[in-house]
Amino acid sequence: MFSVVRPSDFPKSLTKSTKDYRAADVVEVLQDIFFSKCYLCERKGFSDVNIEHRDPHRGDLSKKFDWNNLFYSCVRCNGIKGDSHINILDCCHQFDIAQAIELHCPIVNNDDHKVIVKVGNLASTNEIESTITLLDLCFNDTNTALKGISRHTLIRQIQKYQTKLLIIKDELLDDTLLLTTSEKNLRIQKLKVMCDPEFPFSAFWKWYITR
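All values reported here derive from a predicted model rather than from experimental measurement. (Residues numbered from 1 in each chain as written. Predicted model: local features only at pLDDT ≥ 70, side-chain atom pairs only at ≥ 80, totals over all residues. Heavy atoms only, no water.)

1. Here we look at the packing of aromatic side chains
If you walk through the whole model with that rule in mind, you get 13 aromatic pairs. Aromatic side chains F34 and F71 sit 5.6 Å apart centroid to centroid with 50 degrees between the ring planes, which places their arrangement in the tilted category. Placement of the pair is F34 in the loop between α1 (24–33) and β1 (49–53) and F71 in strand β2 (residues 70–74), with a sequence separation of 37 residues. (Phe/Tyr/Trp six-rings, centres within 6.5 Å; stacked < 30°, edge-to-face > 60°. Helix = DSSP H or I, 4+ residues; strand = E, 2+ residues; numbered from the N terminus.)

This is the structure in structure tokens:
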């Protein structure tokens, strides 16, 4: 997960007598806030957009149209989370949420090699443990044919960036390349870009760089 800042101003569609959390103004603002990324798996630029309720509303209108309860999600993660996962970390809070949960993607893309999801640098809490349980499913669940296909695609996307990161990291550590200071700085800047919340799967790269 990655940290974002949610503006306090509500989109107009949430203040009307007939509220609509799927209205264009709500979706567009959420897309900007979350950098077009799913707030759970960090996939970016997907077309299967869902508006997810972090705290399941279960028919409660105060939760259903609560601006602070609406999150930008892909259909895979929204379907996995459903209304059974509660007490999930809020990535709009003012702390580096990527430090709470450690993530590592496998090199091999098959059902036997899982994304590692575990407690990071922060003390474990019920919210962190609940989020770990959910993220483990978001990255690893293959209990149906469709989930298996979507999981394979997700892992392939993560691995594409992971390969680029490992090449950059290896170049920085390889003394035989004889890199100049400017060449080293360029590679360091690329790694910093990958750790920015706007970048796809940024929480993964923070852990790969510091491990």
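Structure's up, so let's keep going.
2. Remarks on the environment of N69
Here N69 shows up in the loop between α2 (61–64) and β2. With 13 residues separating them in the primary sequence, N69 and P56 have C-alpha atoms 8.6 Å apart. Ignoring any residue separated from it by four or fewer positions in sequence, one finds N69 in contact with E52, H53, R54, D55 and K63. A polar side-chain atom of N69 sits 2.7 Å from the main-chain amide nitrogen of D55. (Contact = heavy atoms within 4.5 Å. Polar contact = N/O pair within 3.5 Å; in protein donor to acceptor, adjacent residues only side chain to side chain.)

3. A few points about the pattern of salt bridges
Side-chain pairs of opposite charge can arise whenever the charged atoms involved come near each other. Within the structure shown, the criterion is met by seven salt bridges. Between E42 and K37 there is a salt bridge, with its nearest N and O atoms 2.6 Å apart. Among the residues examined, E42 registers a relative accessible area of 1% and is labelled buried. Put simply, R43 and D48 hold a salt bridge, and the shortest N to O gap is 3.3 Å. R43 gets classed as buried once you look at its relative accessible area, which sits at 16%. The exposure class of D48 is partly exposed, given its relative accessible area of 26%. (Salt bridge = Lys/Arg side-chain N within 4 Å of Asp/Glu carboxyl O. Buried < 20%, exposed > 50% of the residue type's maximum accessible area, 1.4 Å probe, protein only.)

4. Overview of the nonpolar core
As a rule of thumb, nonpolar side chains are buried together in soluble globular proteins. Residues F34, F139, F204 and W205 are the most contacted members of the largest nonpolar core, which totals 56 residues. Of all the elements in the fold, those that place two or more residues in this core are α1, β2, α3 (75–81), β3 (101–104), α4 (126–140), α5 (145–173), α6 (181–195) and α7 (202–210). (Core = buried A, V, L, I, M, F, W, Y, C linked by side-chain atoms within 4.5 Å.)

5. Here's the deal with the packing of α6 against α7
The description of two helices packed together rests on the angle between their axes and the distance between the axes. Relative to each other, α6 and α7 sit at 135 degrees, their axes nearing to 7 Å. If you check the angle between α6 and α7, you find them oblique. Only S202, W205, K206 and I209 of α7 make contact with α6, whose side of the interface consists of L191, M194 and C195. Its residues assigned to classes, the contact of α6 with α7 shows five nonpolar, one polar and one charged. (Axes fitted to C-alpha atoms, helices over the stretch in contact; angles between N-to-C directions. Parallel < 35°, antiparallel > 145°, perpendicular 65-115°, else oblique. Nonpolar A, V, L, I, M, F, W, Y, C, P; charged D, E, K, R; others polar.)

6. Quick notes on the environment of D66
Structurally, D66 can be placed in the loop between α2 and β2. Along the chain, D66 and L14 lie 52 residues apart, while their C-alpha atoms are 7.9 Å from each other. Within the structure, the side chain of D66 is placed 3.0 Å from the backbone nitrogen of N68, a separation counted as a polar contact.

7. A look at the packing of α5 against α7
In contact at an axis separation of 11 Å, α5 and α7 are set at 30 degrees when each is read in the N-to-C sense. In terms of their interaxial angle, α5 and α7 are classed as roughly parallel. For the pair α5 and α7, the sense of crossing is right-handed. For the pair α5 and α7, the contacting residues are I158, Y161, Q162, L165 and K169 in the first and F204, W205, Y208 and I209 in the second. Tallied by class, residues from the contact of α5 with α7 come to seven nonpolar, one polar and one charged. (Left-handed = near helix turned anticlockwise from the far one by under 90°.)

8. Re unusual backbone geometry
Phi angles above zero are rare outside glycine, and F35 is one such case at about 55 degrees. When you line up the elements, F35 lands in the loop between α1 and β1. We classify F35 as partly exposed; its relative accessible area is 24%. Despite not being glycine, N87 shows a phi value in the positive range, around 60 degrees. Take N87: its relative accessible area is 45%, and that puts it in the partly exposed class.

9. Quick look at the pairing of β3
By the alternation rule, side chains of β3 split into I101 and L103 and E102 and H104, which are all buried. Note: β3 against strand β4 (residues 116–119), four bridges, orientation antiparallel. Pairing of I101 across the sheet is with V119, part of β4. (Pairing = 2+ DSSP bridges.)

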